[in-house]
Amino acid sequence: MAIAMSVALLYVPAQAWAQQATPTAADSQGADQAVPSNTAAKKAKADQKKAATQLSAVVVTGIRASVEKAQDTKRDADTFVDSLSATDIGALPDRSVTETLSRIPGVTIDHFLSQGDPEHFSAEGNGVQVRGLTQVRSELNGRDSFSANGGRALSFQDVPSELMSGVDVYKNQTAQMIEGGLGGTVNLRTFMPFDFQGQKIAASVSENYGDFSKKYKPSASALYSNRWNTSIGEMGVLVDVADSRLATRTDGLFVRPFFKNASGTWVPRGADWRTLLYDRKRDGAYLAFQWRPSNSLDLYATAFQSKYHEVWNEDAIFVSNDPTKVMVDASQPSQVNGGVFQSGRLTQPGGVPMGTDIRASNSHSKTTDFSTGMKWRLGTSTEVTSSLQFVRATTNSLDSTVALGVNVPYIDVALNGSNPPRLGVDSSYTTNPANYYWGFTMDHQDQNYAKELAWRADIEHSFADGFVQGVKAGVRLTNRYANNIDTGYNWKPVFQTWMQYWAVPGGVPLPGLNLNSTVNTSLVHLDKFNNFYKGDANIPSAFYAPVPSTALGYPASYQDIHAAADPFYTCCYAGTYQNTVLDAAHTNVQHEKTYAAYAMLDFGVDNANLSGNVGVRAVRTTNTAQGFLVYPNQVLAPYLGAGQTAPITARNEYTDVLPSLNLKWEFAPNLITRFAFSKAIARPDFSQMQAYQVLNAAVQPGYTPPAGTTSVPVDKLALTGDSYSNPYLTPMKANQFDLSLEWYFDPDRGGMAWVNFFHKGIRDYFRRESHFVTYPGVDGNNYQYLITRPVNVGKATIDGAEIGWNQFFDFLPVKGFGMSANYTYIRSRTHVPNDTTAVPVDTDGSKYGNLPADGLSRDSLNVAGFYEHGPWQIRLAYNWRSQYLLSIGPNGYNGTDNNIPWKLPVFADAYGQLDGSIFYSFNDHVKLGLEMNNLNNAEQRTIMYQNASGKHITSWYVNDARYALTLRVAF
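**Things to note about the overall build of the protein chain**
The helix and strand tally for the protein chain stands at seven helices and 48 strands. Taken against the 2.2 N^0.38 rule, which gives 30 Å for 971 residues, the C-alpha radius of gyration of the protein chain at 30 Å falls within 12% of a compact globule. Over its C-alpha atoms, taken along the principal directions, the protein chain stretches across nearly 90 × 70 × 55 Å. Each of the 971 residues in the protein chain was classed as buried or not, and the buried ones make up 58%. The long-range share in the protein chain, meaning contacts at least 24 apart out of those at least 6 apart in sequence, stands at 74%.

**Quick word on the confidence of the model for the protein chain**
For the protein chain, mean pLDDT is 89; residues scoring 70 or higher make up 93% of the total. Per-residue pLDDT stays below 50 along residues 1-41; that stretch engages in 180 contacts with residues further than four places along the chain or on separate chains. Note that residues 43-60 has pLDDT below 50 and, in this model, 17 contacts with residues that lie over four places away or in other chains.

**Focus: the nonpolar core**
Leu-253, Trp-273, Trp-438 and Phe-495 are the most contacted members of the largest nonpolar core, which has 80 residues in total. The element that contributes the greatest number of residues to this core is strand β20 (residues 382-408), accounting for five residues. Counting 33 residues, the second-largest nonpolar core is a separate cluster that includes Val-128, Leu-140, Met-192 and Leu-238.

**So, the state of the cysteines**
Under the defined criterion, the tally for this structure stands at one disulfide. The side chain of Cys-571 participates in a disulfide bridge whose partner is Cys-572; the two sulfur atoms lie 2.0 Å from each other. In this structure Cys-571 comes out as partly exposed when scored by relative accessible area, which is 31%.

**Considerations on the pairing of strand β24 (residues 468-486)**
The two faces of the sheet receive side chains in turn, since in a regular strand these alternate between them. Two elements, strand β23 (residues 436-462) and β24, share 17 bridges in a ladder whose sense is antiparallel. Of the residues in β24, the one forming a bridge with Arg-456 is Arg-476. A loop of five residues connects β23 with β24, the two strands running antiparallel in sequence, and Gly-466 in this loop sits at a positive phi of about 100°. Inspection of the sheet shows β24 paired to strand β28 (residues 587-605) by 17 bridges, in the antiparallel sense. Note that in β28 the partner of Lys-472 across the bridge is Met-600.

Thresholds applied
- Residues numbered from 1 in each chain as written.
- Predicted model: local features only at pLDDT ≥ 70, side-chain atom pairs only at ≥ 80, totals over all residues.
- Heavy atoms only, no water.
- Helix = DSSP H or I, 4+ residues; strand = E, 2+ residues; numbered from the N terminus.
- Rg over C-alpha atoms; globule rule 2.2 N^0.38 Å.
- Buried < 20%, exposed > 50% of the residue type's maximum accessible area, 1.4 Å probe, protein only.
- Contact = heavy atoms within 4.5 Å.
- pLDDT = per-residue confidence, 0-100.
- Core = buried A, V, L, I, M, F, W, Y, C linked by side-chain atoms within 4.5 Å.
- Disulfide = S-S within 2.5 Å.
- Pairing = 2+ DSSP bridges.

Put into structure tokens, the structure is as follows:
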């Protein structure tokens with residue numbers, strides 16, 4: 001039985017214990033969501049405990065009840081699971097599921113809008129990793145749940161936390177668990193009608209305020225549940241709805257990569273800054289029905305829907321110059337340390353080209369889940385369960401950027417150690433609209449759809465005595481379809497300094513903002529960056545930038561801007577702009593089926609306090625990807641093709657056999673050791689399996705075809721292809737081990753401490769490499785192309801330890817104080833070839849040694865203190881993670897200069913955030929409180945690693961401290 005350990009600062013509604021104390025990843029749900037117990041004796045014991053809990057629920061409530069129950073459930077568990085439960089109905093300990101997950105040992109989140117993007121901060125966090133791995137399986141009540149984002153998992157920030165009763169994280173697995181969680185499995189739990197004794201009504205309203213955005217946003221949730229005895233059995237209905245809104249502001253500063261100039265000094269390319277305003281609306285609805293027509297049969301049906309609408313816009317001032325031309329103005333004071341620039345005035349001939357943009361993103365996503373199932377008890381020893389599920393998810397988004405250009409005479413930069421730099425420009429120049437020109441446009445669109453039908457059936461038989469205490473077996477079938485359209489980022493120049501003398505006239509200023517009666521200064525505004533960085537950073541006062549409606553007016557606004565620029569071109573660009581088409585070249589169609597079966601044996605020696613399970617799960621996966629092959633267009637090789645496209649269907653099949661073993665032994669009173677071994681897999685994302693390949697043919701360097709040649713032999717050609725997907729990828733695989741020791745030093749008062757050691761041996765990573773692949777020519781012959789695309793290659797090991805402690809300090813004169821803490825240490829060793837397009841190279845062409853796995857922090861920590869006495873409930877919680885690799889060569893940290901294709905590794909610096917809450921209960925039904933996030937005004941920094949110039953902090957971010965005044969009622 002998979003039972004969770006709850007971290008201590010939680011209040012669990014006593015009526016909900018029957019469900020919350022026994023979370024499961026099994027794909028079954030009924031009156032009791034727990035996995036069936038191993039033996040008849042264990043069932044009896046569980047029933048006694050449940051009855052005792054219900055009897056004592058009248059007097060044992062709040063944090064203490066949660067901690068004591070967590071102690072019992074952890075002690076009885078036969079797998080490695082950590083969990084958090086709602087402090088009240090509709091109230092996880094944090095305002096988002098993502099933030100709640102970060103409280104669990106071994107789980108980390110990053111604070112960026114998307115993984116690998118160091119230029120956009122996220123207030124509520126993103127990118128869940130379990131034990132340093134992003135390959136995390138997501139579930140809702142033990143069944144599949146996902147977002148339509150080209151991947152396989154749920155975007156946890158999309159889910160209304162108010163609908164959740166708890167969150168479970170599985171670190172290892174049993175044979176009956178659904179495959180796919182290489183790092184772990186995250187299961188989101190909701191309530192069911194039979195979780196409550198009778199009618200239950202609960203509601204909450206909040207007013208959210210960000211001290212930086214200066215905006216108020218409301219949130220509300222309501223739950224109604226009831227159950228009745230009827231002539232056809234007992235029935236129950238539950239309805240739960242939630243609406244949550246949030247507005248935040250993030251300010252950021254940047255110092256760009258360093259280049260060695262002609263005088264031998266390492267000088268930054270420049271510095272820039274930006275403000276991002278973020279607004280999201282997250283709402284959901286949940287309906288559950290249960291029917292118990294007899295004591296031997298339970299039936300249920302649920303419907304769940306979550307919707308997420310995210311809008312953000314960003315004003316950014318950024319350098320867009322040639323970094324090799326930057327110099328330090330010798331006429332102004334400057335400081336150089338060890339050949340590396342520290343402060344001074346940066347200039348370049350003709351001024352330093354900078355961009356001022358408005359970037360706006362508008363995204364809608366929705367996930368809908370319909371599930372139904374049954375549990376049938378055949379006598380006292382056999383149980384059959386079955387469930388049927390349909391999931392549908394959609395995502396539609398537009399990311400649009402319109403930028404101006406301005407060539408500022410200089411940028412003053414003074415590095416300030418770990419503090420933000422001091423910046424300056426000629427404000428009289430930047431506040432004159434005559435100095436600006438239209439720079440570029442860039443659009444990115446997503447239009448995704450995914451659906452899945454899944455069916456599962458399980459049977460369990462338990463034995464009253466003997467070493468073998470129970471057997472389980474089951475099957476699971478899925479049919480999943482995904483259609484993802486991703487246009488990429490389509491950058492189109494309007495006017496750029498490098499276009500002078502060939503596409504636009506040279507020796508004169510670029511065309512200004514007033515191009516015609518439509519495209520002119522009416523589309524821009526003076527951005528003053530009021531209260532920038534909460535007043536803690538020095539930047540220039542004002543720049544002109546496009547208004548947000550110009551970006552959100554795509555495609556009409558783009559057409560107007562490019563059409564207005566056409567008369568000014570002397571070559572090559574007039575009339576060439578076209579809107580991005582959502583065509584087949586951007587479409588990825590996948591159809592995947594899985595066929596799984598498992599068998600598991602539960603065993604134990606009661607006299608030795610030893611129990612466990614051993615089993616095996618086998619799963620067959622078939623995938624069909626539909627796409628296109630684009631032939632070469634080489635006039636000297638007509639036998640290869642002429643640029644035409646041909647539809648292709650790529651089929652991939654593989655079988656995985658996944659054994660598992662779990663052991664638990666109480667070798668002395670209140671001392672328990674556990675061991676687990678299992679094999680796990682993580683299938684590639686659908687975005688990594690697109691069937692789309694462009695083939696290229698070029699004449700070999702050094703060979704000149706004779707005059708009049710119309711065709712050259714294939715050995716005189718370089719046949720290549722480049723892709724970021726491969727429909728023939730197979731899953732990443734891992735052998736994973738866990739070993740733990742748990743000490744229940746105060747078993748009657750929730751006092752417990754534990755240490756858990758883990759090891760993962762991983763192989764078959766997804767990395768881009770070059771291999772010869774055979775493709776047909778139009779002449780019917782086959783030819784070998786050197787194709788660079790993702791393949792399965794390499795291996796790595798991840799080792800670590802999780803340490804935790806919970807305790808109430810009842811020995812103090814003042815009652816009600818307690819504390820919870822956990823720490824995770826992770827070390828990784830990789831033997832994985834670098835992605836050929838992400839090999840780190842410094843701006844001088846020098847290489848780097850081994851870098852850590854991306855997304856993996858060596859250390860992470862959670863510490864929480866709480867006080868609960870009388871009507872008061874207070875908690876303070878601090879979450880911290882150490883530095884980790886964000887990305888190699890992300891936007892702003894890659895390029896080709898001095899004929900060197902450089903890509904810098906960028907790390908997220910250590911980050912810690914303090915949150916808290918204070919609630920006062922007026923009576924058993926009404927509670928008023930204040931919830932607080934980011935009380936320490938945490939600053940997120942990123943670090944760029946360079947060799948000769950050293951590592952430097954490259955960006956600084958600040959965000960809102962968030963407050964929510966919350967009223968909760970329950971009857």
